[in-house]
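Structural overview
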Amino acid sequence: MDTLFDILSDLAIAFCVLNALLYIFWLKENNKAFKIFAVYLVVIAVIQLNASYLKLIIPINNNLFLFHFYYILQFIFLTFFYFELLKQKWMYVVLGIVLGIITFQFIETPAMFFRYNPLGVTITQGIIVIYSVLFFYKYLHETNEFLIINIGLFFYLLSSILIFASGNLVFNMELITEYGYHLLLNLNNVLYLGLQFLIFVTWWKNYYSKKTIK
Amino acid sequence: MVEELLFQEDYQIVDLILIAIALLVAMAVAIILFFYFSRKRIIKSELEKANLKIANQKKILQTTLITQEEERKRIAQDLHDAISSKLNIVSLNANMLSLKDISSEETNKIATSILKVTGNVLESSRKIAHDLLPPTLDKFGLEAALEELCEEVAETNSFEVDCNLQYPEHFLGKDKELHVFRIVQELFNNSIKYSEATNLTLKTEMEGKQLLLYYSDNGKGFDVSTAKKSKGLGMSGIENRVAILNATHTLLSSPNNGISVTLALNPGNDEN
């Protein structure tokens, strides 16, 4: 069973890197939202690779600080991404406020850098979920190239909020068995693979065929 | 024992988290499905709306084409009756003039006849041209054209025409003025042809930023609902023009009670 999940995990990372490369390769002829999303994919892929590398050389879990980069950068890039699609100025205000809160958290407890930050993850992912719902609403009666990606982001971010929010619980091995820990981790992997798959489908349907027609 | 308890508690926590995650996943799926089906429905209804619009436009186009053909037929008839046949007479007479054995008395007679006929033809051609596009409308605007129309109808002496016009110059664009003029012309035509009326009333006045146009006759009227089913070209022509003008119109009529039409016109922004 574990090997299956290991394969899934590796597949998710491979997919993540593949998507980043594909989107970068198609960067030139697409709009600003596409470019922002491509940069987001690259940043996430770099963080993923970094985490995997750290895990490889030092098998103990000490790559948690990367997770802060993950959700903060994700929040920033996806805010810009959704701003391009929704064009609501208050989104920048929300971005500022949330970054302010997280900065304050770090100043207050610098040790948090090596722990999970359930509040930060919940707030940032929750807000992105709200943006994706707004996106659904806006594009109820028209088509948009990012509809499938939006479905993926909505699904993954909403489902994984709890996985990340319970991170400290999971991380604290005294409170939870290794079995439970792995179960949550693998569940996250499966959901993440789904998101990457939908991102790939978007590329395949919207961009790949367009380029080959040319 | 203690370990067992701890183990159980741990499972409870994991179970709780898993249940919550499952709920979130279910919620996400539900929202996505909701979005998907609403989207499908909205697109379907919009498609239906667009199709209806297209069908309506097709109908308007069709009646426009039919009206155009009818108009051509009428012009051809006019030209044939009023001009060609008379020119034939002129041609015949001129032919007779070219004969050698013809007395001067006869020549004079033929010449007078030619003069008379050509005078008639000139008058007819002027009338036809006037019917096609009244020069007054182009030169002096809607108010003058409508006034002239009233006078022309009054000149036939079969109607009492009550014309009361108030119209700020250039309130409507030239294209729209022509449509309004045609509508009034058609209303007059209908009254003259079918209504057996004795009194015709035309009135325009400003109400706020709107121009109101009233038209009524005291003729035999008709049943509006049955007339709508068997729309004559004249009536649908009026309706098409009203649609183009973006105006609202009401038509009231019943047997033996004449007809009364009200038009509300806005200058609008869609004119050139």
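Our focus in this paragraph is the overall build of chain A. From N to C terminus, chain A includes eight helices and zero strands. Helices and strands appear in chain A in the N-to-C order α-α-α-α-α-α-α-α. The buried share among the 214 residues of chain A stands at 31%. The long-range fraction of contacts in chain A, counting pairs at least 24 apart against all pairs at least 6 apart in sequence, stands at 74%.

The subject of this paragraph is the overall build of chain B. When its secondary structure is counted, chain B shows six helices and five strands. When the helices and strands of chain B are placed in sequence order, the string is α-α-α-β-α-β-β-α-α-β-β. Across the 272 residues that make up chain B, the buried fraction comes to 18%. Considering only contacts within chain B whose residues lie at least 6 apart along the sequence, 68% involve residues at least 24 apart.

Turning next to the nonpolar core. Phe37, Leu41, Ile128, Leu153, Phe154, Tyr156 and Leu157 of chain A are the most contacted members of the largest nonpolar core, which has 50 residues in total. Listed by contribution, the elements that provide at least two residues to this core are helix 1 (2-25), helix 2 (32-57), helix 3 (64-86), helix 5 (118-138), helix 6 (147-165) and helix 8 (178-213) of chain A together with helix 1 (2-97) of chain B. Ranked by residues supplied to this core, first place goes to helix 6 of chain A with 13 residues. Those residues in contact with Leu41 of chain A that lie beyond four places of it in its chain are Asn19, Ala20 and Tyr23 of chain A.

Let us look at the sheet that holds strand 5 (residues 259-265) of chain B. Residues and elements named next belong to chain B. Taken together, the five strands give an open sheet; going across it, the order is 1-2-3-5-4, and neighbouring strands pair in mixed fashion. Of all strands in the sheet, those bounded by a partner on one side alone are strand 1 (160-164) and strand 4 (248-253). Taken over all neighbouring pairs, the strand axes of this sheet differ in orientation by 10 degrees on average, direction set aside. Here six bridges tie strand 4 to strand 5, and the two strands are oriented antiparallel to one another.

Do not read the predicted coordinates in detail wherever pLDDT is low. Residues at a pLDDT of 70 or more form 92% of chain B, whose mean pLDDT is 84. The complex prediction reports pTM at 0.65, with the ipTM value standing at 0.78.

With that out of the way, let us pick up unusual backbone geometry. With phi around 55 degrees, Lys87 of chain A is a residue other than glycine that occupies positive phi space. Here Lys87 of chain A shows up in the loop between helix 3 and helix 4 (90-108). With a phi close to 60 degrees, Glu196 of chain B is a non-glycine residue in the positive phi region. Secondary-structure assignment places Glu196 of chain B in the loop between helix 4 (174-195) and strand 2 (199-207). Classification of Glu196 of chain B by C-beta neighbours within 10 Å gives partly exposed; the count is 13.

Residues and elements named next belong to chain B. Sheet topology note: the strand 1/strand 2 ladder contains five bridges and is parallel. Considered in strand 2, the bridge of Glu160 is made with Asn199. Judged from the eight bridges that link them, strand 2 and strand 3 (residues 210-217) form a sheet pairing that is antiparallel. Counted as the bridge partner of Met206 is Leu211 from strand 3. If you look at the hairpin formed by strand 2 and strand 3, you'll find two residues sitting between the two strands, and Gly208 has a positive phi there, around 65 degrees.

Further remarks concern helix 2 of chain A. Across its 26 residues, helix 2 of chain A extends 38 Å between first and last C-alpha, which sits within 8% of the 38 Å expected from 1.5 Å per residue. Along helix 2 of chain A, the residues classified as buried are Phe34, Ile36, Phe37, Ala38, Leu41, Ile44 and Ala45 of chain A.

What follows concerns the confidence of the model for chain A. Across chain A, the average pLDDT comes to 85, with 91% of residues at or above 70. When pLDDT is averaged over each element of chain A, helix 4 of chain A comes out on top at 92 and helix 7 (residues 167-171) of chain A at the bottom at 68.

Looking now at helix 4 of chain B. Residues and elements named next belong to chain B. Taking 1.5 Å of rise per residue, 22 residues should cover 32 Å, and helix 4 covers 30 Å from first to last C-alpha, within 8% of that figure. Along helix 4, the residues classified as buried are Lys176, Glu177, Val180, Phe181, Ile183, Val184, Leu187, Phe188, Asn190, Ser191 and Ser195. Downstream of helix 4 by a residue or two, Glu196 has a phi angle that is positive, lying close to 60 degrees.

Our focus in this paragraph is the environment of Phe81 of chain A. Residues and elements named next belong to chain A. Its location among the elements puts Phe81 in helix 3. Residue class for Phe81 comes out buried when judged on the 26 C-beta atoms lying within 10 Å of it. The spacing of Phe81 and Lys32 is 49 residues in sequence and 8.3 Å in space, taken between C-alpha atoms. Among all residues touching Phe81, those that are not within four sequence positions of it are Ala33, Ile36, Phe37 and Tyr40.

Another point: the packing of helix 5 of chain A against helix 6 of chain A. Residue and element names in this part refer to chain A. Remark: helix 5 packs on helix 6, axes separated minimally by 9 Å, with the N-to-C direction vectors making an angle of 160 degrees. Regarding the angle of helix 5 to helix 6, the classification is roughly antiparallel. Crossing geometry of helix 5 relative to helix 6 is assigned as left-handed. For the pair helix 5 and helix 6, contact is made by Pro118, Val121, Thr122, Gln125, Gly126, Ile128, Val129, Ser132, Phe135 and Phe136 and by Asn150, Leu153, Phe154, Leu157, Leu158, Ile161, Phe164 and Ala165, respectively. Along the lines of polarity and charge, the residues of the contact of helix 5 with helix 6 split into 13 nonpolar, five polar and no charged.

We now examine the environment of Asp6 of chain A. Residues and elements named next belong to chain A. For Asp6, the position within the fold is in helix 1. Residue Asp6 is classed as exposed on the basis of its 12 C-beta neighbours within 10 Å. Each C-alpha atom, one on Asp6 and one on Asn186, is 8.4 Å from the other, the two residues being 180 residues apart in sequence.

Attention now goes to the pairing of strand 5 of chain B. Consecutive side chains along a regular strand alternate between the two faces of the sheet. Of the two faces of strand 5 of chain B, the one lined by Ile259, Val261, Leu263 and Leu265 of chain B is fully buried and the one lined by Ser260, Thr262 and Ala264 of chain B carries no buried residue. Linkage of strand 4 of chain B to strand 5 of chain B, two consecutive antiparallel strands, is achieved through a turn of five residues, within which Asn256 of chain B is found at a positive phi near 70 degrees.

The rules behind the values
- Every chain is numbered independently, its residues counted from 1 as its sequence is written.
- Whichever chain is written first is A, and whichever ligand is written first is 1; the rest continue in order.
- Only residues with pLDDT of 70 or above have their local features reported here, since the model is predicted, and side-chain atom pairs are shown and tallied only from 80 upward, although totals for entire chains, interfaces and linings are computed over all residues.
- What counts as a helix is a DSSP run of H or I of at least four residues, what counts as a strand is a run of E of at least two, and both are numbered from the N terminus.
- We call a residue exposed when 12 or fewer other C-beta atoms sit within 10 Å of its C-beta, buried when the count reaches 20 or more, and partly exposed for counts in between; the C-beta positions come from the backbone.
- We call two residues in contact if the C-beta atoms placed from their backbones are at most 7 Å apart.
- Joined through C-beta atoms within 7 Å, a set of buried Ala, Val, Leu, Ile, Met, Phe, Trp, Tyr and Cys residues constitutes a nonpolar core.
- In this analysis, strands are considered paired if DSSP registers two or more bridges between them.
- Axis definition: a line fit to C-alpha positions, over the contact stretch in the case of helices; interaxial angles, taken between N-to-C directions, run 0 to 180 degrees.
- pLDDT runs from 0 to 100 and stands for how confident the predictor is about each residue.
- One less than the number of residues in a helix, times 1.5 Å, gives the span that helix is expected to have.
- Angle categories are assigned with fixed cut-offs, so that under 35 degrees is roughly parallel, over 145 is roughly antiparallel, 65 to 115 is roughly perpendicular, and the rest are oblique.
- The hand of a helix crossing depends on one turn: near helix anticlockwise from the far one by less than a right angle means left-handed, and clockwise means right-handed.
- By the convention adopted, Pro, Cys, Tyr, Trp, Phe, Met, Ile, Leu, Val and Ala count as nonpolar, Lys, Arg, Asp and Glu as charged, and the other residues, Gly among them, as polar.

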